[in-house]
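Next come the chains, spelled out residue by residue.
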Amino acid sequence: MQNYAKSRDVLPALTDVEILCEDEKKFYGCRAILAARSEVFDRLLYNGTKERYENKITFSNINSVGLEIVLEYTYTGSIKEGCLTKDNIVEAFHAADYFKLSGLQDFIMKTFKNTLENNYNKNYSPELLSKLAEKMSLTENNILLDLLIEVIATIPLNTIEFGRLSIAGLRYLLSCTHEKEKPFATPEYEVFRYSAILAAMQVSNDAYKILIERLPTLKQIKQIGNFVQVENKFITDHQKVAKELEPLVEFIDFRRIKGQVLVDIIEPLEIVPSKIIVNVYRNITKSDNLNLNDIRGIPIPICGINETNCVWDKSACGPKLIIEGNGKIIHAPNGCNSHQNVRAKMALIALENNGIFEWDVIIEKVCYASWVGVCAPKNLNYEKFAGDQPTGWVVGSSGYVCNSGNYIKNYCPGFGDGTIVTVHLDMNKRTCAFTINGIKYPEISTWNNLPSMVYPVVSLFYPGRYRIQPYKKII
């Protein structure tokens, strides 16, 4: 069968149907084989359509790159190793989806996931999302879309060159993360800045240049100070820019942008509908909006762990535990007689040039078994010891380390009240090590299953009381 498959486009005499792609390249195939492997081919060739009586099928929305991979899979049940590349993976996935070849889709996704650790593939994801937005109707059930959104959301937008991510691609990124509890790396002002400049690029070079000048980066704003002075150059095409920006504006949360930046920088541009700005001014005075984070979803600490993001998360906490001290302290009250877990708010993930994270947990009051470490973002039971779960990796006051119920003895000496446990997490290598009271112990070699994103976590019961803080080297 494989030899026949290889000959299908060079020996048309051995085949009985001609297949024409959107780019007008022709392939030749055998009706019986195609129909047996794909319900779409079966419906076209044998269920009363005109193709049943003709020897030609035309696919105006499938190009030759994708169809060639589909035909290879249809005839052989597999595709050659290395045939999927950054240049054809979207076309292949689109074609597999069209022909309802779930096995091929699974193979494409597995291949893509296996190569995501390669920075080149990760860095090419904006182009892939743009191409996917052009080729397919993007729905919540699109598994390739979900993976690309997950990857790009962890890349600061201001590190993606303008032109790499299309308006349609950016719209899907923003819509899939808008008001969702998903990890995200870009402050909302930078989301607006990137969107506005990208919209201006579609209008004219002059509009692009003016917005580059009138929209400083968040870093520049912080360097200038609170009172931002920006040269007020008039955008002659501001209405056209506003029109291009329109599909993006509804997915930008202006409440997360400082009021003064709205007044001094954004409103004078006249590219955001005035009713949106007015609504933000109204909401910004309400107490329930004053504490909004400047990053949507689950903020990723791009510049490392600091005092602001190093706090316990009330929404990811055992019900018997109490969070105190402005979010820094977790306490197990009397009556909490079995392990409960709490994780910190910051998601830790490997970003370009930034995958090393360190933080301290101070054991102000030890319990019989105090545990400190990391956990995966999903499937952690907060009322069961983290180390007994496959999603928890922790070191304990007994000197043991544990994951998935597998204990390793004598990793370090036992510890008690006042101990400072420092977690050293390298998300580039997916390794973890601990320092106990200033003495660093080795990476735990058996922990070779850390996921691509983790959170700080602790397990405790009465009378446990722990404080979290950024790593402070003991002198």
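Just so it is clear, the model here is predicted, and its values are computed rather than measured. (Residues numbered from 1 in each chain as written. Predicted model: local features only at pLDDT ≥ 70, side-chain atom pairs only at ≥ 80, totals over all residues. Heavy atoms only, no water.)

A short note on unusual backbone geometry
Put simply, the test is: Numbered from the N terminus, helices here are DSSP runs of H or I no shorter than four residues, and strands are runs of E no shorter than two. With a 1.4 Å probe rolled over the protein chains alone, any residue whose accessible area is under 20% of its type maximum counts as buried; one over 50% counts as exposed, and the rest are partly exposed.
With omega at 5 degrees, the peptide bond leading from Y462 into P463 counts as cis. Along the chain, the position of P463 falls in the loop between β19 (453–460) and β20 (465–470). We note that E24 has phi near 70 degrees; this positive angle belongs to a residue other than glycine. For E24, the position within the fold is in the loop between β1 (17–20) and β2 (26–29). Judged by its relative accessible area of 65%, E24 falls in the exposed class. Even without being a glycine, E179 presents a positive backbone phi close to 55 degrees. Relative to the helices and strands, E179 is located in the loop between α10 (167–177) and β4 (183–184).

Overview of the sheet that holds β1
Threshold: Strand pairing follows a simple DSSP-based rule, namely that at least 2 bridges must link the two strands. A fitted line through C-alpha atoms represents every axis, and for helices the fit uses only the stretch in contact; the resulting angles, taken between N-to-C directions, go from 0 to 180 degrees. Any two residues whose heavy atoms approach within 4.5 Å at even a single point are treated as in contact.
Here three strands make up an open sheet; going across it, the order is β2-β1-β3 and the pairing mixed. Every other strand in the sheet has two partners, leaving β2 and β3 (56–58) as the edge strands with one partner each. On average, each strand axis in the sheet is tilted by 25 degrees relative to the strand beside it, whichever way the strands run. Where β1 and β2 come together, four bridges link them in antiparallel fashion. For I19, the partnering residue across the bridge sits in β2 and is F27. Across the face of the sheet, helix α4 (residues 64–76) comes into contact with β1 and β2 while running at roughly 15 degrees to β2.

Here's the deal with helix α14 (residues 238–249)
Quick note on the threshold: Expected helix span is computed as 1.5 Å times (number of residues minus one). Read the arc as the range of directions from the helix axis to the C-beta atoms.
For α14, which comprises 12 residues, the first-to-last C-alpha distance of 15 Å sits more than 12% below the rise-based estimate of 16 Å (1.5 Å per residue). Every buried residue of α14 is listed here: H238, V241, L245, L248 and V249. An end-on view of α14 places all buried positions within 80 degrees of arc, on one side of the element. Every exposed residue of α14 that faces more than 90 degrees away from the buried side is listed here: Q239, K240 and K243.

Let's talk about the side chain of Q389
Assignment of secondary structure puts Q389 in the loop between β12 (371–375) and β13 (392–396). In contact with Q389, other than residues within four places in its own chain, are N341, N379, L380, N381, K384, N403 and S404.

With respect to the confidence of the model for the chain
In plain terms, the rule: Summary of the metric used: pLDDT quantifies the predictor's per-residue confidence within the range 0 to 100.
A residue-level look at the chain finds 87% of positions with pLDDT of 70 or above and a mean pLDDT of 84. In this model residues 1–11 is a low-confidence stretch, pLDDT under 50, and it forms 19 contacts with partners more than four residues away in sequence or in other chains.

Looking at the pattern of salt bridges
Defined as follows: Basic side-chain nitrogens of Lys or Arg form a salt bridge, by our definition, when they fall within 4 Å of a carboxyl oxygen of Asp or Glu.
Tallied over the entire structure, the rule returns 17 salt bridges. A salt bridge links E307 to K472; the nearest nitrogen and oxygen atoms lie 3.6 Å apart. Taken as a pair, E307 in the loop between β5 (298–299) and β6 (312–317) and K472 in the segment after β20 lie far apart in primary sequence, 165 residues in all. Taking relative accessible area as the criterion, K472 reaches 44% and is therefore assigned partly exposed. Two residues, R467 and E364, come together in a salt bridge whose shortest N-O distance is 2.8 Å. Of this pair, R467 sits in strand β20 while E364 is found in strand β11 (residues 356–365), placing the two residues 103 residues apart along the sequence. The exposure class assigned to R467 is partly exposed, which follows from its relative accessible area of 28%. Relative accessible area serves as the criterion here: at 27%, E364 is assigned to the partly exposed category. Salt bridges sharing common partners tie together E324, E364, R465 and R467.

Focus: the environment of V421
When you line up the elements, V421 lands in strand β16 (residues 419–426). Exposure remark for V421: the relative accessible area of 0% places this residue in the buried category. Placed 25 residues apart in sequence, V421 and G396 show a C-alpha to C-alpha distance of 9.8 Å. Ignoring anything within four residues of it in the chain, the contact list for V421 reads W359, D360, V361, I363, V372, V395, F415, F434, T435 and I436.

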